[in-house]
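Residues per chain, in single letters:
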Amino acid sequence: MSRVSGPWPPVSVEPPAVHPKAPAPGTELGVHFDECFGCGDEVDAGLRLRSVVGEGHTVRSMFTVTPAHQGAPGLAHGGLLACAFDEALGSAVGNLLRRPAVTGKLETDFRRPVPVGSTLHIETRLDGTAGRKIYVSADGHLDAPDGPVAVTARALFVAVGFEHFTTHGDSAALQKLADAREKQRRARDGQEWEINP
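Trainee: I would appreciate a short explanation of the sheet that holds strand β7 (residues 119-130) in the present structure.
Mentor: One key point about sheets: their strands pair by backbone hydrogen bonds, in either a parallel or an antiparallel sense. A sheet is described by the order of its strands in space; here seven strands give the open sequence β3-β4-β5-β7-β8-β9-β6, paired in antiparallel fashion. Among the strands making up the open sheet, the edge pair consists of β3 (28-29) and β6 (101-110). In terms of strand pairing, strand β5 (residues 58-64) meets β7 through seven bridges, oriented antiparallel. Bridge pairing in β7 places Phe63 opposite Leu120.

Trainee: I tried to follow the pairing of β7 on my own but got confused; where do I start?
Mentor: Looking along a regular strand, one sees side chains alternate from face to face of the sheet. Across ten bridges, the pairing between β7 and strand β8 (residues 133-142) is antiparallel. Each residue of the ladder has a partner; that of Arg125, found in β8, is Ser137. A loop of two residues connects β7 with β8, the two strands running antiparallel in sequence, and Gly131 in this loop sits at a positive phi of about 65 degrees.

Trainee: Is there a simple way to explain the nonpolar core in this structure?
Mentor: Generally speaking, soluble globular proteins have nonpolar side chains that are buried together. Core analysis: the largest hydrophobic core is formed by 32 residues, its most contacted members being Phe63, Val114 and Leu120. Mapped onto this core, the elements with two or more residues apiece are β5, α1 (78-97), β7, β8 and β9 (149-159). In contact with Val114, not counting residues within four places along its chain, are Val65, Leu75, Ala76, Leu81, Leu120, Leu142, Ala150 and Val151.

Reading the values: the criteria
- Residues numbered from 1 in each chain as written.
- Predicted model: local features only at pLDDT ≥ 70, side-chain atom pairs only at ≥ 80, totals over all residues.
- Heavy atoms only, no water.
- Pairing = 2+ DSSP bridges.
- Helix = DSSP H or I, 4+ residues; strand = E, 2+ residues; numbered from the N terminus.
- Core = buried A, V, L, I, M, F, W, Y, C linked by side-chain atoms within 4.5 Å.
- Buried < 20%, exposed > 50% of the residue type's maximum accessible area, 1.4 Å probe, protein only.
- Contact = heavy atoms within 4.5 Å.

Okay, here's the thing in structure tokens:
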């Protein structure tokens with residue numbers, strides 16, 4: 001048992017148990033949903049955040065700030081940076097623990113401006129679990145994995161059942177996601193083929 005603290009009282013946690021089928025270190029993580037604002041490719045002004053599994057209980061993510069992401073002239077919008085961290089933290093939870101979870105609490109600390117055109121490198125760590133609660137934290141480095149820290153974040157995710165998404169989500173979007181996942185599975189398993197006319 002160890003303890004974590006953050007935007008909540010210090011709590012005792014178990015070390016995170018990375019799922020046996022979690023992607024190996026060095027694995028590039030794909031888009032979990034094409035229409036996701038955080039990582040999807042079909043959202044014009046989306047973040048298009050990309051992630052790679054790191055060593056231990058970490059995931060490294062990055063995104064480049066575009067003019068569509070600015071708040072003050074020439075600077076990233078603070079809410080958009082919080083969104084990027086929510087995506088990066090959630091990617092670590094979903095891919096390493098392979099448990100559906102939702103954000104329960106997110107705290108961000110803005111330490112320096114993030115200019116348009118810069119790339120934010122986010123290093124996410126699984127800190128521990130306590131029942132359904134999953135604690136994660138991250139540091140966002142400016143323009144290089146070892147660049148100055150511009151933003152830090154801590155979050156509490158809560159593990160949920162799939163019925164959370166089927167009850168509260170859009171059924172058409174869920175079906176689109178299921179179809180895309182099936183197509184990916186068939187391609188991965190060598191079952192994807194085309195018939196010549």
